[in-house]
Amino acid sequence: MVFRGTITGAPDFDPSADAESLYNAMKGLGSDKEAILDLVTSRNNPQRQEIIAAYKCSFGKDLIEDLKYELTGKFERLIVSLMRTPAYHDAKEIKDAIKGAGTNEKCLIEIMASRTNKQIRDMVAAYKDAYGRDMEEDVIADTSGHFKKMLVVLLQGTRDESGVVDGDLVEQDAQELFEAGEAQWGTDEAKFIMLLGNRSVTHLRMVFDAYEKIAEMSIEDSIKHELSGDFETLMLAVVQCIRSVPMFFAKRLYKSMKGLGTADNTLIRIMISRSEIDMLDIREFFRLRYEKSLYNMIKDDTSGDYKRTLLNLCGGDDDLAGEFFPEAAQIAYKMWELSAMTKVQLRPTVRPYPKFDPAADAQALRKAMKGFGTDEDAIIDIVAQRSNAQRQEIRQTFKSLLGRDLMKDLKSELSKNLERLIIALMLTPAEFDAKMMRKAMEGAGTDEHALIEILVTRSNAEIQAMNAAYQEAYKKSLEDSIQSDTSGHFCRILVSLVQGAREEGPADMERANADAQELADACNAESDDMEMKFMSILCTRSFPHLCKVFQEFVRFTNKDIEQIIKKEMSGDVKNAFYAIVRSVKNQPSYFADRLYKAMKGLGTDDRALIRIMVSRSEIDLFNIRKEFKETHDASLHEFIQGDTSGDYRKTLLILCGGED
């Protein structure tokens with residue numbers, strides 16, 4: 001295996017001299033932290049173990065205890081952890097994850113899913129030596145269900161590592177996984193555990209490819225559909241590590257630093273455990289996925305000696321040209337291939353109410369608004385638990401039976417965000433989209449993100465219906481409004497999209513190659529010419545076709561289309577093209593990201609939150625929920641719960657459809 005770490009052994013290593021240097025750095029008042037971090041991060045782990053032994057021989061003291069005494073906080077944790085062997089470091093992490101009242105499932109999952117057989121066996125032995133306890137027994141005592149069973153399987157450290165692949169067994173395993181999940185009512189979790197916990201990495205990669213052909217969806221999407229909770233998270237982590245361990249850790253590192261606050265334990269654990277294995281690959285995959293170097297993210301998110309130590313472990317900043325290492329290019333190409341092959345089953349969270357009676361609902365709504373005060377609970381329970389088609393029947397019946405306009409009554413009885421949300425639910429999808437487009441353009445400023453989101457993600461039929469609804473409501477064409485409110489290439493992109501004339505149908509392989517070559521050539525053109533060429537392809541071709549175009553673009557350029565857009569373009573044009581690419585790759589993931597941005601930080605973008613929750617609740621909000629949980633390590637339900645309040649929150653949570 002080729003060494004891809006960032007920390008190597010010092011060439012002229014002298015453990016006694018190093019021990020003395022560390023002793024001098026800690027004696028007297030204060031300590032020379034720079035000398036400590038520079039020395040520790042320029043020696044590999046075997047050399048550090050020799051320094052510990054030399055320190056005890058020379059000074060009769062325990063180096064780790066002295067470091068704990070002299071250093072503090074996160075810096076102390078990081079330096080002390082570097083001084084432990086990998087096996088004892090993992091053992092301590094597992095012990096910390098299961099001690100006390102709660103369990104750190106994310107830590108258990110990360111370590112168990114990513115370690116080799118030898119690493120797991122060494123860790124189990126170190127745990128026994130350090131704590132006098134059996135790790136398996138402690139894990140069993142602290143976990144439950146299928147999650148516990150899979151952890152126990154992984155703890156055996158007996159995954160097949162022969163590298164031998166039997167083609168017939170590949171097909172058989174793929175078929176058994178399909179029959180254990182998608183092909184039946186309910187899920188045979190034991191089959192998933194047995195196969196994913198024991199088969200070799202090479203074998204399982206081929207099984208996943210075969211599975212996609214049988215199920216017409218990726219194994220990841222099947223796991224999201226069939227499993228739940230910590231067991232789902234563990235199995236997804238195992239699959240991700242089978243596909244690419246460095247990519248798995250790149251995602252974990254990003255999650256540890258994004259948003260408010262830093263998950264320092266995760267950051268420390270990964271930076272230490274991978275610094276002598278595959279940190280170079282992790283850095284490259286980090287840049288591939290997040291268009292930002294790991295080095296710069298650490299630099300922005302940490303401080304002081306802690307930061308300096310982490311940056312030493314990172315090993316350097318990557319240039320942002322966007323070109324991949326060979327393995328990263330293969331991964332990028334494969335990611336687009338997976339996206340093209342996967343047929344995601346879109347799942348709503350709001351479905352037609354089974355015992356629907358429009359007259360009874362109309363009477364109940366009238367009663368809820370009649371007299372002194374308003375029964376908001378009754379209104380929410382009816383409106384949020386009916387499909388849009390059923391709500392339109394209620395509107396009509398309300399007028400027929402009672403001679404009143406339901407929308408006017410709701411507006412007069414409700415207020416603020418609850419009123420906006422309930423009214424949004426009562427409009428048809430076309431009326432709602434038209435209203436959202438109008439709101440995005442009226443007044444002093446323009447909400448370009450809303451314009452982009454709606455026009456990029458709607459089908460031709462939805463855009464045409466929105467155009468008609470806009471004309472009906474505002475006596476002006478939507479295209480004219482866009483041209484009045486935007487300008488330049490951004491205006492042209494929106495006008496192209498608002499025609500609702502995107503090609504439909506599968507990819508044309510020959511044409512996809514030609515389109516990819518044209519995009520590649522455009523990258524060397526002037527900025528205006530490049531943007532026009534991108535528009536002519538990205539705004540007109542079908543999504544399945546664009547998926548293939550973007551895949552071939554990697555082959556032609558050794559770059560990813562997302563990185564090119566981020567690097568070469570700017571402003572609203574960049575945001576529009578980026579939204580198209582994200583939607584082509586994984587539209588539920590795009591919406592999950594939009595929802596996260598609507599709620600993160602101080603304040604909430606309620607208009608965006610309402611727009612997405614309402615417009616996707618009968619299409620793919622369940623899928624969006626799953627993507628949200630996977631990307632942000634927290635459920636959409638949790639975010640809504642923490643970011644909203646009152647009846648507004650209650651309605652949003654009903655639309656959300658449950659906790660993940």
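Summary of the structure given here. Computed from a predicted model, the values in this text were never measured in an experiment. (Residues numbered from 1 in each chain as written. Predicted model: local features only at pLDDT ≥ 70, side-chain atom pairs only at ≥ 80, totals over all residues. Heavy atoms only, no water.)

### Re the overall build of the protein chain
Argument step 1. Helices and strands together make up the secondary structure of the protein chain, namely 40 helices and 0 strands.
Argument step 2. Taking the principal axes of the C-alpha coordinates as reference, the protein chain spans close to 95 × 65 × 60 Å.
Argument step 3. In the protein chain, buried positions account for 52% of the 660 residues.
Argument step 4. Taking contacts inside the protein chain between residues at least 6 apart in sequence as the whole, the part at least 24 apart equals 74%.
Argument step 5. Of the roughly 28,300 Å² of accessible surface on the protein chain, a fraction of 48% belongs to carbon and sulfur atoms. (Helix = DSSP H or I, 4+ residues; strand = E, 2+ residues; numbered from the N terminus. Buried < 20%, exposed > 50% of the residue type's maximum accessible area, 1.4 Å probe, protein only. Contact = heavy atoms within 4.5 Å. Areas by Shrake-Rupley, 256 points an atom, 1.4 Å probe, with all protein chains shown as cover.)

### Examining the packing of helix α1 (residues 15–26) against helix α2 (residues 33–40)
Argument step 1. Where α1 contacts α2, the two axes come as close as 8 Å, and the packing angle between them is 155°. In terms of orientation, α1 lies roughly antiparallel with respect to α2. Along this stretch, α1 crosses α2, giving a crossing that reads as left-handed. Contact with α1, carried on its side by Asp-18, Ser-21, Leu-22, Ala-25 and Met-26, involves Ala-35, Ile-36 and Leu-39 of α2 and no other residues of that element.
Argument step 2. Tallied by class, the residues present in the contact of α1 with α2 amount to 6 nonpolar, 1 polar and 1 charged. (Axes fitted to C-alpha atoms, helices over the stretch in contact; angles between N-to-C directions. Parallel < 35°, antiparallel > 145°, perpendicular 65-115°, else oblique. Left-handed = near helix turned anticlockwise from the far one by under 90°. Nonpolar A, V, L, I, M, F, W, Y, C, P; charged D, E, K, R; others polar.)

### Considering helix α28 (residues 448–457)
Argument step 1. Judged by how many residues are buried, α28 sits mostly within the fold: 8 of 10 residues are covered.
Argument step 2. Buried within α28 are the following residues: Ala-450, Leu-451, Ile-452, Glu-453, Ile-454, Leu-455, Val-456 and Thr-457.

### Comments concerning the side chain of Ser-583
Argument step 1. One can find Ser-583 in helix α36 (residues 571–599).
Argument step 2. Once residues within four sequence positions are removed from consideration, Ser-583 is found in contact with Val-456, Thr-457, Phe-543 and Tyr-590.

### Comments concerning the packing of aromatic side chains
Argument step 1. This model, assessed by the stated rule, comprises 15 aromatic pairs.
Argument step 2. Centre to centre, the rings of Phe-248 and Phe-249 are 5.3 Å apart; their planes meet at 70°, and the pair counts as edge-to-face. Across the pair, Phe-249 and Phe-248 agree in class, each one buried.
Argument step 3. Judged by centre distance (3.8 Å) and plane angle (10°), the rings of Tyr-254 and Tyr-290 are stacked. Placement of the pair is Tyr-254 in helix α16 (residues 245–257) and Tyr-290 in helix α18 (residues 279–290), with a sequence separation of 36 residues.
Argument step 4. By relative accessible area, Tyr-290 is classed as buried at 17%.
Argument step 5. The ring of Phe-622 carries Arg-347 above its face, with NZ or CZ at 4.0 Å from the centroid.
Argument step 6. Geometry around Phe-556 places Arg-555 over its ring, the cationic atom sitting 5.0 Å from the centre. (Phe/Tyr/Trp six-rings, centres within 6.5 Å; stacked < 30°, edge-to-face > 60°. Lys NZ or Arg CZ within 6 Å of the ring centre and 35° of its normal.)

### Overview of the side chain of Asn-417
Argument step 1. Structurally, Asn-417 can be placed in helix α26 (residues 416–426).
Argument step 2. Judged by its relative accessible area of 18%, Asn-417 is buried.
Argument step 3. Among all residues touching Asn-417, those that are not within four sequence positions of it are Asp-606, Ile-610 and Tyr-648.

### Details of helix α23 (residues 376–383)
Argument step 1. Taken together, the buried positions of α23 are occupied by Ile-379, Ile-380, Ile-382 and Val-383.
Argument step 2. Looking at the packing, one finds that the buried side of α23 touches α22 (358–369), α24 (388–402), α25 (406–413), α26 and α40 (646–656).

### Structural notes on the nonpolar core
Argument step 1. Grouped together as the largest cluster of nonpolar side chains are 203 residues, with contacts concentrated most on Phe-534 and Phe-577.
Argument step 2. Examining the composition of this core, we find that 14 residues originate from one element, α36, more than from any other.
Argument step 3. If near-sequence neighbours (up to four positions away) are discounted, Phe-534 is found in contact with Leu-519, Ala-522, Cys-523, Cys-539, Ile-561, Ile-564, Ile-565, Met-569 and Phe-577. (Core = buried A, V, L, I, M, F, W, Y, C linked by side-chain atoms within 4.5 Å.)

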